[in-house]
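Structural characterization, general
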Amino acid sequence: MNIEKIEQRIQKFSDDRNWESFHNPKNLVMALTGEVGELNEIFQWLNHEESLNLPADVLEHTKEEVADVAIYLLRLCMKLDINLEDAIMRKMTKNEAKYPIETSMGGSKKYSKSRENK
């Protein structure tokens, strides 16, 4: 995945439509939330098995909603000068410290709860 290439395309799309004034962090987060809601709607009443085996048309719709989420997330990063790759790598380092293998293996509890039970 070439994030820079994607960001350039997103920027051109926005510039070509003169939408820059609408793409402030608040509006982008609100739009992102809406798109996550649309993604959630796809899975809302599915059981585990159904969620893993989406029909082709639903999978295609899911891909579109995932793309919408990613576009708004990248646009937010662009506006706030956040390097997404760096942010992810830093967060994973923190997660590895919060969820050590010894106390987290096979569990789904929040890190503060998993340590209480060990």
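All of these numbers come straight from a predicted model, not from anything done at the bench. (Residues numbered from 1 in each chain as written. Predicted model: local features only at pLDDT ≥ 70, side-chain atom pairs only at ≥ 80, totals over all residues. Heavy atoms only, no water.)

So, the overall build of the protein
Secondary structure assignment for the protein yields seven helices and zero strands. Listing the helices and strands of the protein from first to last along the sequence gives α-α-α-α-α-α-α. Compactness check: the protein gives a C-alpha radius of gyration of 18 Å against a globular reference of 13 Å for 118 residues, more than 25% above the reference. With respect to the three principal axes, the spread of C-alpha positions in the protein is 55 × 35 × 25 Å. (Helix = DSSP H or I, 4+ residues; strand = E, 2+ residues; numbered from the N terminus. Rg over C-alpha atoms; globule rule 2.2 N^0.38 Å.)

Considering the packing of aromatic side chains
The full count for this structure, using the stated rule, is one aromatic pair. Where Phe13 meets Trp19, the ring centres are 5.4 Å apart and the plane angle is 75°; that geometry is what we call edge-to-face. Assessed through its relative accessible area of 34%, Trp19 is described here as partly exposed. Positioned above the aromatic ring of Phe13, the side-chain terminus of Arg17 is 3.7 Å from the ring centre. (Phe/Tyr/Trp six-rings, centres within 6.5 Å; stacked < 30°, edge-to-face > 60°. Buried < 20%, exposed > 50% of the residue type's maximum accessible area, 1.4 Å probe, protein only. Lys NZ or Arg CZ within 6 Å of the ring centre and 35° of its normal.)

Concerning the packing of helix H1 (residues 3–16) against helix H4 (residues 56–80)
Axis separation between H1 and H4 bottoms out at 10 Å; the angle between their running directions is 90°. Looking at the two axes, H1 sits roughly perpendicular to H4. Contacts from Ile3, Ile6, Glu7, Ile10, Gln11 and Ser14 in H1 reach Ile71, Leu74, Arg75 and Met78 in H4. For the contact of H1 with H4, the residue count by class is six nonpolar, two polar and two charged. (Axes fitted to C-alpha atoms, helices over the stretch in contact; angles between N-to-C directions. Parallel < 35°, antiparallel > 145°, perpendicular 65-115°, else oblique. Contact = heavy atoms within 4.5 Å. Nonpolar A, V, L, I, M, F, W, Y, C, P; charged D, E, K, R; others polar.)

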